Amino acid sequence: MKATRQLLVIADDIGIGPSTTAGILQLASHGIVTGSVLLVNSPHASDALRQWRQLGSTLDIGWHPNLSLDS
């Protein structure tokens, strides 16, 4: 039996800014990006999360703080 392989494409730092968030979500809506990691201590994180929920896709989201981000 042939093994099935799957490619995961993770776009880092959703929520770092409006343009990055828009790009990640657009790629996810086309099935190109399969997951992302929310930059939780960014001032744009809440809006990114709202947009992700509105997208209603299967984009997997993880989270991480950026210890060097001044916010």
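Note: the structure precedes this text.
Model, not experiment: these values are computed from the prediction.

Engineer: When you look at the overall build of the protein in this model, what are you seeing that I'm missing?
Structural biologist: Tallying secondary structure elements over the protein gives two helices and three strands in all. Counting helices and strands in the order they occur from the N terminus, the protein gives β-α-β-α-β. Taking the contacts inside the protein whose residues are at least 6 apart along the sequence as the reference set, 72% of them involve residues at least 24 apart. Accessible surface for the protein amounts to roughly 5100 Å². Of this, 56% is attributable to carbon and sulfur atoms. Taken together, the 4 basic and 5 acidic charged side chains of the protein have centroids lying 16 Å from each other.

Engineer: Help me understand the pattern of salt bridges in this model?
Structural biologist: A side chain with one charge may pair with a side chain of the opposite charge, provided their charged atoms come close. All chains considered together, the criterion is met by one salt bridge. Between Arg 50 and Asp 47 there is a salt bridge, with its nearest N and O atoms 2.4 Å apart. Separated by three residues within a single helix, Arg 50 and Asp 47 lie in helix α2 (residues 45-55), roughly one turn from each other. For Asp 47, a relative accessible area of 35% puts it in the partly exposed group.

What counts and how
- Residues numbered from 1 in each chain as written.
- Predicted model: local features only at pLDDT ≥ 70, side-chain atom pairs only at ≥ 80, totals over all residues.
- Heavy atoms only, no water.
- Helix = DSSP H or I, 4+ residues; strand = E, 2+ residues; numbered from the N terminus.
- Contact = heavy atoms within 4.5 Å.
- Areas by Shrake-Rupley, 256 points an atom, 1.4 Å probe, with all protein chains shown as cover.
- Lys, Arg positive; Asp, Glu negative; His and termini not counted.
- Charge placed at Lys NZ, Arg CZ, Asp CG, Glu CD.
- Salt bridge = Lys/Arg side-chain N within 4 Å of Asp/Glu carboxyl O.
- Buried < 20%, exposed > 50% of the residue type's maximum accessible area, 1.4 Å probe, protein only.

Fair warning: the whole summary comes from geometry, so function is off the table for now.
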